[in-house]
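Inside the fold
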Amino acid sequence: MIREIAKNVFAVGVADPDRRHFHGHEMTTAQGTTYNSYLIRDTKETVLVDTVWAPLREEFLANLRQVVDPAKITTIVINHAEPDHGGLLAAVKHLAPNARILCSKRGTDSISGWHHADWPLQVVETGQTLDTGSMKLTFIMALMCHWPDSMMVHVGGAQCSNPGAPGRAGTNGPDVLLSNDAFGQHYTSAAFDDEARDGRLWFEAEKYFVNIITPYCRNVAQRLDELQKLALPIKMIAPSHGAIWRRGVAEVVAAYRRWSAQETQQRAVVCYDTMYDSTRRMADAICDGLADEGLPLARHHLAVSDRSDVLTDLFGARGFLIGSPVWHMSLLPTVATLLEDLKALAFKSRLVGAFGSYGWQKANVQLIEARAKAAGFDVPLPGVVCQWKPRAADLEACRAFGRQFAQRVKQ
Ligand code: FEO
């Protein structure tokens with residue numbers, strides 16, 4: 001649905017509520033997603049910021065035509081060339097052949113790489129501006145939030161003299177930050193954060209950060225500093241996926257600060273997979289031990305849990321307990337994948353405890369511990385194993401392990 005989010009600034013993107021996976025099958029999207037594109041209609045310039053994923057061509061062009069004759073577009077800004085945002089660049093360029101394309105320096109590679117076209121591309125840098133008539137666009141490079149080509153656009157009033165801070169109204173301009181993937185969520189229930197009623201918006205925002213942006217936490221912190229230095233007034237943050245932040249501008253910026261610092265809480269998450277319930281029973285006893293110490297906990301049987309949601313739950317926890325039986329002298333694939341995910345996403349400063357059952361060879365706990373250490377985690381206690389089916393003494397050892405692990409998390 002088209003929305004005029006500020007005077008002459010239109011959201012013309014398309015929702016895709018039935019999509020259940022994103023980036024191929026990298027991440028689950030319980031509510032689907034939206035591909036947000038924005039049109040700025042002004043006296044000197046008509047600017048389109050980003051397009052949408054190519055299969056939604058018909059819906060997108062219909063939205064665009066309701067706001068403007070696409071032939072009148074003078075400038076197309078590509079904040080990030082991945083196909084969910086740059087997918088219809090060729091279609092728009094076909095309708096607006098004279099429109100220039102603005103992008104970041106690295107965007108010249110990604111746009112050429114995705115489109116195999118020889119359009120002239122005009123590179124912009126942080127602080128560079130475009131006068132559109134009554135408004136002024138300011139470009140802000142957002143390197144690695146989430147790609148090397150990522151950038152943002154601030155839409156301010158023509159006289160905007162930068163007296164603001166995120167969350168504070170500053171000028172009579174729209175003061176909208178078109179933030180591309182940063183601050184996004186795969187959320188489709190409301191167009192604005194203050195209209196979200198289902199209690200999922202913040203979970204989806206964190207899930208998005210965890211699954212897409214976590215490896216670049218250091219860059220996010222630097223980019224937030226740069227954004228703060230620019231001191232642009234921001235009344236709204238309009239990302240390329242999900243709801244537009246209108247009430248929660250300062251809160252979402254603060255959340256990005258917190259998440260990028262990988263702040264954790266004193267709680268533990270128990271993740272396991274199991275074949276004949278021996279490892280599952282060990283997990284039960286470990287949970288009892290954590291509870292004995294009053295440590296908040298969550299548990300996930302990885303074979304029946306949503307991988308992206310599990311990672312989101314793990315993100316804020318200080319302690320991870322990871323269990324697998326031996327499987328062909330290795331770990332069950334769900335557990336091996338989790339360990340790989342934790343390494344790839346560059347989770348930092350967590351404590352890991354390992355457990356699992358075995359039959360003929362006990363390779364599991366050593367493997368979990370070695371992979372956890374290789375990912376940079378601390379393994380404060382030797383893990384627990386049991387052979388075949390746990391006896392009462394095995395379960396008591398697991399419970400004691402849970403208690404000791406909880407004490408380490410609380411230290
Ligand atoms: Fe990985 Fe919305 O782009």
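This report concerns the structure included in the present document.

Conventions and cut-offs
Residues numbered from 1 in each chain as written. Predicted model: local features only at pLDDT ≥ 70, side-chain atom pairs only at ≥ 80, totals over all residues. Heavy atoms only, no water. Buried < 20%, exposed > 50% of the residue type's maximum accessible area, 1.4 Å probe, protein only. Helix = DSSP H or I, 4+ residues; strand = E, 2+ residues; numbered from the N terminus. Pairing = 2+ DSSP bridges. Axes fitted to C-alpha atoms, helices over the stretch in contact; angles between N-to-C directions. Core = buried A, V, L, I, M, F, W, Y, C linked by side-chain atoms within 4.5 Å. Contact = heavy atoms within 4.5 Å. Right-handed = clockwise from strand over helix to strand, strands pointing away. Salt bridge = Lys/Arg side-chain N within 4 Å of Asp/Glu carboxyl O. Phe/Tyr/Trp six-rings, centres within 6.5 Å; stacked < 30°, edge-to-face > 60°.

The next point concerns the pairing of strand 15 (residues 176-180). With respect to burial, strand 15 is a largely interior element, 5 of its 5 residues being buried. Side-chain alternation along strand 15 places V176, L178 and N180 on one buried face and L177 and S179 on a second face that is also buried. Taken together, the 4 bridges between strand 15 and strand 16 (residues 236-239) define a ladder with parallel strand orientation. By the bridge assignment for strand 16, N180 is matched with P239.

Before going further, it helps to examine the sheet that holds strand 16. Taken in spatial order, the 5 strands of this open sheet run 12-13-14-15-16, and their pairing is mixed. Since the sheet does not close on itself, it has two edges, and those belong to strand 12 (129-131) and strand 16, each with one partner. If you compare each strand with its neighbour and ignore which way they point, the axes differ by 20° on average.

Here we come to the nonpolar core. Formed by 86 residues in total, the largest nonpolar core has its most connected members in F60, I73, F183, Y256 and L314. Ranked by residue count, the leading element in this core is helix 5 (residues 201-213), at 7 residues. Once residues within four sequence positions are removed from consideration, Y256 is found in contact with D181, A182, F183, G184, Y208, F209, I213, V220 and L224. Membership of the second largest hydrophobic core comes to 25 residues, among which are A11, L102, L130 and M151.

Moving on, we get to the side chain of N79. Topologically, N79 is positioned in the loop between strand 9 (75-77) and helix 2 (83-86). Discounting chain neighbours no more than four positions away, the residues touching N79 are V49, D50, D149, S150, M151, M152, V153, L178 and N180.

Here 3 bridges tie strand 9 to strand 10 (residues 100-103), and the two strands are oriented parallel to one another. Bridge assignment links T75 to a residue of strand 10, and that residue is R100. Sheet topology places strand 10 next to strand 11 (residues 121-123); 3 bridges connect them, and they run parallel. Bridge assignment links L102 to a residue of strand 11, and that residue is Q122. In this fold, strand 10 hands off to helix 4 (residues 107-115), which returns the chain to strand 11; that crossover is right-handed.

Time to look at the pattern of salt bridges. Summed over all chains, the structure comprises 22 salt bridges. With its nearest N and O atoms 2.5 Å apart, the salt bridge here joins K44 to D131. In this pair, K44 sits in the loop between strand 7 (38-41) and strand 8 (46-49) while D131 sits in strand 12, placing the two residues 87 residues apart along the sequence. You can call K44 exposed: its relative accessible area is 53%. Across the pair D277 and R280 runs a salt bridge whose closest N-O atoms are separated by 3.2 Å. Overall, the relative accessible area of 33% leaves D277 in the partly exposed class. In this structure R280 comes out as partly exposed when scored by relative accessible area, which is 25%. Several salt bridges share partner residues, and in doing so they unite D288, D292, E396, R399 and R403 into one network.

Within this structure, the stated rule accounts for 12 aromatic pairs. Ring geometry for F183 and Y256: centres 4.4 Å apart, planes at 40°, overall tilted. Linking F183 in the loop between strand 15 and helix 5 with Y256 in helix 7 (residues 249-260), this pair joins segments that are 73 residues apart in sequence. When its relative accessible area of 2% is taken as the criterion, F183 is described as buried. Here Y256 falls in the buried class, since its relative accessible area comes to 2%.

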